[in-house]
Each structure stands twice: as structure tokens, then as C-alpha cells.
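Secondary and tertiary structure notes
Next come the chains, spelled out residue by residue.
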Amino acid sequence: MKAFGFLSFGHYADVPGSSTRTAGDMLKQTIEIAEGADEIGVNGAYVRVHHWARQAASPMPLLSAMAARTKRIEVGTGVIDMRYENPFQFAEEAAALDYIADGRIALGVSRGSPETALRGYETFGYVDEEDTERGSVLAREKFDIFLAAIDGERIAPGDPRMVGAGQYLAIEPQSPTLRDHIWWGSGARATAEETGRKGLNMMSSTLLTEATGVPFHQLQREQIDLFRAAYKEAGHTGTPRVSVSRSVFPLVSDMDRAYFGLRSEENADQIGIIDGYRSTFGKTYAAEPDVLVRQLLADEAVMAADTLLLTIPNQLGPAYNLHVLESFAKYVAPELGWRSNTEGPVQGEPV
């Protein structure tokens, strides 16, 4: 583990105890957390994307604001649901964001997670004729179009009165560094290999849509190894990035113990059914810093990835979330190999 960031689900609700009552609260507080995290030395600020729910849903304005208000921290998503996207508009917005952020982006995309709406992407106007239940085919088809667009493929036929006969046009702007900042959210070993073959970065999901009987962290480590092997076998020669997500809470104050002390007694993987698949969920880490260091050093996936995303309880407000991030940066991360954002952009592992 070289780097860590925070991953916010962007919850908001007008309920007792919440510091995030409205969507406006959530958006402004996420920017505030990103600014504070940037000063602490945290490497990344990432947001989940969920439609039809009281959570973050429109990442591009939020990421642009975070990028404009920070200096070093990487901003990104985990993940954008391609079923809902117009791939050409997304390509334009992503290139613009890459310029605004000076390359400090990590755009995680995928089919997306289970949602409250029944095939909600169809209400957005997108129908998957081949996979009406989950939209996986639609998501991959759109993603391939998106990749072609950001690679500069000339797709749109030009008006001969404007550009001459037989001309085709590419989307604008084009950012030459954008493809290096695209990640695929992988929830299984097969998709990890596919991600490697495409030469992308990989965000290993907070849950894996398979259960083989081995602990979550070992199953995720298998996924990482398969990804890197497929990347190399396909002939790619870069340094691909890999991230994993965990809930980690250093217990350093009475407030920490009040909020998360009981979680230290629940440290176990969980097995459940998601989208009809038997799935494995990772455990929550909540303990004294010295215990956390030992636990995370033994987490094979955390140590194999270059970036750890800490899921944060955003409804507890910016001050408390920055306390969690600062505690991790001060007491835990240095023992795992962490390098502050002051040392430059995060680099993946060479294959």
C-alpha cells in the first residue's frame, strides 16, 4: 500500500444525528472534506455514484469543484454506472475534468451496483435488449464506445459544407493523459482479467460476486494477481494502478469508541446474495492503531494494492471525518508503506 484516500457514499437525510440533511449539505461537505484531506496529505478523494437514492449521483460537477479547490489530491469515482451514461458526453466531460485537475483524476466506471429502481437506466432512455435484467451488456458496449471516443477515434460524419467531403470528427476536447486515469470496477476474477487485457486500472469492489470459501482478502488478492498477469500477457508495459476499499476506524478517542467500538467485535467477512449471485463482503476494521496495523499488514489485498480507499461515514460531518483520516495518516498508514501526497502522484506497480 502506497496511498490511501476516502470513499464517500454521499448519503443525506433529514434525520436526527445527521450533519448532512440535504443534497446541498452533502455536496458542499464533500468538497470541504477533500480540501482538509488534501492538507493532511491524503492521496485521493473518491465518491460513489448511485441513482434514484439520497446519495451522490452527478459526479462531474462535484469532482470539478474538488479539483479546483485542492492542489495535490486525486479526485475520482467508485464507480460511475455506465448503463446511465451517454458515452460521448461522458468522454467530453472526462477530458475537461482531466484538464481542470491537471491529471489528478481516477475515474472508476463499471456496470454499477444494485439500485432501488427497477432497471432505472431504462427510465433514462437506455435499454439493454440482450440483458434486460442487469444491463451488463449495455454497460460494456457503452464503455467500449467511450474508450474509442477518448482515444480520438473519428466517429461523427462531418457536414461537407463545414469540414469538406468524407471527413469524420472526434470528440473535443481530447486529453492525451485521460486513458491512463480510467479504472474499471471489478467484482469478480473474470472481470479482473478482462480489465487487465484492456490495459486499464482496476478498482476491486467492496464486495465480490463470488464465494469460494477463502477469506475475502485472499479472494481479492487472487483477483489482483489475475489482473496483473492478464495485463502483462496482453503486452501492456505500463504501471497499472489497483485499489481496494475497506472500512477502517482507528479508535483514538472516546468519540471513536462510542461510534465504532462495537464494530471491533464484528470483524468477520459476510456472505450474502447480491443480484442473484452468492457474494463475499469484507469486514470492518475498528481497533486501537497498533492492532489495526497488525490486521492490515495481514490483509493480503490491502498490501498488494497500491491504493486503499477508506469508506467514511459522511453523515457525521466534515470535522469528524477529517479526524478519522488524520488518525489513520498519523498512527496507521506510515506503518503500511504510505507516502503522502506531498511526494507526488501515486504510481502503480510495474508488470
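Residues numbered from 1 in each chain as written. Predicted model: local features only at pLDDT ≥ 70, side-chain atom pairs only at ≥ 80, totals over all residues. Heavy atoms only, no water.

With that settled, consider the side chain of Asp306. The topology assignment puts Asp306 in the loop between helix 11 (300-304) and strand 14 (307-312). At 2.6 Å, the side chain of Asp306 forms a polar contact with the backbone nitrogen of Val242. With near-sequence residues (within four places) excluded, Asp306 lies in contact with Met1, Lys2, Ala3, Pro240, Arg241, Val242, Val346, Gln347 and Gly348. (Helix = DSSP H or I, 4+ residues; strand = E, 2+ residues; numbered from the N terminus. Polar contact = N/O pair within 3.5 Å; in protein donor to acceptor, adjacent residues only side chain to side chain. Contact = heavy atoms within 4.5 Å.)

On to the confidence of the model for the chain, then. Reading fine detail from the predicted coordinates is not recommended where pLDDT is low. In the predicted model, the chain carries a mean pLDDT of 92, and the fraction of residues at 70 or more is 92%. In the predicted structure, residues 271-280 sits below a pLDDT of 50 and forms 35 contacts with residues beyond four places in sequence or in another chain. (pLDDT = per-residue confidence, 0-100.)

What follows is about the packing of helix 1 (residues 23-40) against helix 2 (residues 59-69). Two numbers describe how helix 1 lies on helix 2: the axes approach to 9 Å, and their chain directions differ by 35°. In terms of crossing hand, the pair formed by helix 1 and helix 2 is right-handed. Contacts between helix 1 and helix 2 pair Leu27, Thr30, Ile31, Ala34 and Glu35 from the former with Leu62, Ala65, Met66 and Arg69 from the latter. (Axes fitted to C-alpha atoms, helices over the stretch in contact; angles between N-to-C directions. Left-handed = near helix turned anticlockwise from the far one by under 90°.)

With that settled, the discussion passes to a nonpolar patch on the surface. Taken together, Phe88, Ile145 and Ile155 make up a surface patch of nonpolar side chains, about 210 Å² in accessible area. Its place among the elements puts Ile155 in the loop between helix 5 (136-150) and strand 5 (156-157). Classification of Ile155 by relative accessible area gives partly exposed; the value is 31%. (Patch = residues over 30% accessible without salt bridge, like charges linked within 9 Å, V, L, I, M, F, W, Y side chains within 5 Å. Areas by Shrake-Rupley, 256 points an atom, 1.4 Å probe, with all protein chains shown as cover. Salt bridge = Lys/Arg side-chain N within 4 Å of Asp/Glu carboxyl O. Buried < 20%, exposed > 50% of the residue type's maximum accessible area, 1.4 Å probe, protein only.)

Turning to the packing of aromatic side chains, a few remarks are in order. Overall, the coordinates contain 13 aromatic pairs when judged by the stated rule. With centroids separated by 5.1 Å and ring planes inclined at 65°, the aromatic side chains of Tyr259 and Tyr320 adopt a geometry described as edge-to-face. Here Tyr259 is found in helix 9 (residues 254-260), whereas its partner Tyr320 is found in helix 12 (residues 318-332), with 61 residues between them in sequence. A relative accessible area of 42% means that Tyr259 is categorised as partly exposed. (Phe/Tyr/Trp six-rings, centres within 6.5 Å; stacked < 30°, edge-to-face > 60°.)

The next thing to look at is the side chain of Asn314. Looking at where Asn314 falls in the secondary structure, it is placed in the loop between strand 14 and helix 12. The buried category is assigned to Asn314, whose relative accessible area is 5%. If sequence neighbours within four positions are ignored, Asn314 has contacts with Ser8, Phe9, Gly10, His11, Thr20, Met26, Gln29 and Asn321.

Cis rather than trans, the peptide bond between Gly78 and Val79 has omega equal to 5°. Topologically, Val79 is positioned in strand 3 (residues 74-81). Here the bond from Glu172 into Pro173 is cis, since omega is 0°, no more than 30 degrees from zero. Here Pro173 is to be found in the loop between strand 6 (168-169) and strand 7 (182-186). The backbone of Trp52 sits at a positive phi, close to 60°, despite the residue not being glycine. Structurally, Trp52 can be placed in the loop between strand 2 (44-47) and helix 2. Take Trp52: its relative accessible area is 42%, and that puts it in the partly exposed class. Of note in this structure, Asp102 is not a glycine but carries a positive phi near 55°.

The next point concerns the pattern of salt bridges. For the structure on display, the rule yields 17 salt bridges. Between Asp14 and Arg21 there is a salt bridge, and its shortest N-O distance comes to 2.7 Å. By relative accessible area, Asp14 is classed as exposed at 61%. In this structure, the salt-bridge partner of Arg83 is Asp81, at a minimum N-O distance of 2.7 Å. With a relative accessible area of 3%, Arg83 lands in the buried category. Since its relative accessible area comes to 4%, Asp81 is described here as buried. Each of Arg140, Asp144, Glu194 and Lys198 takes part in one network of salt bridges that share partners.

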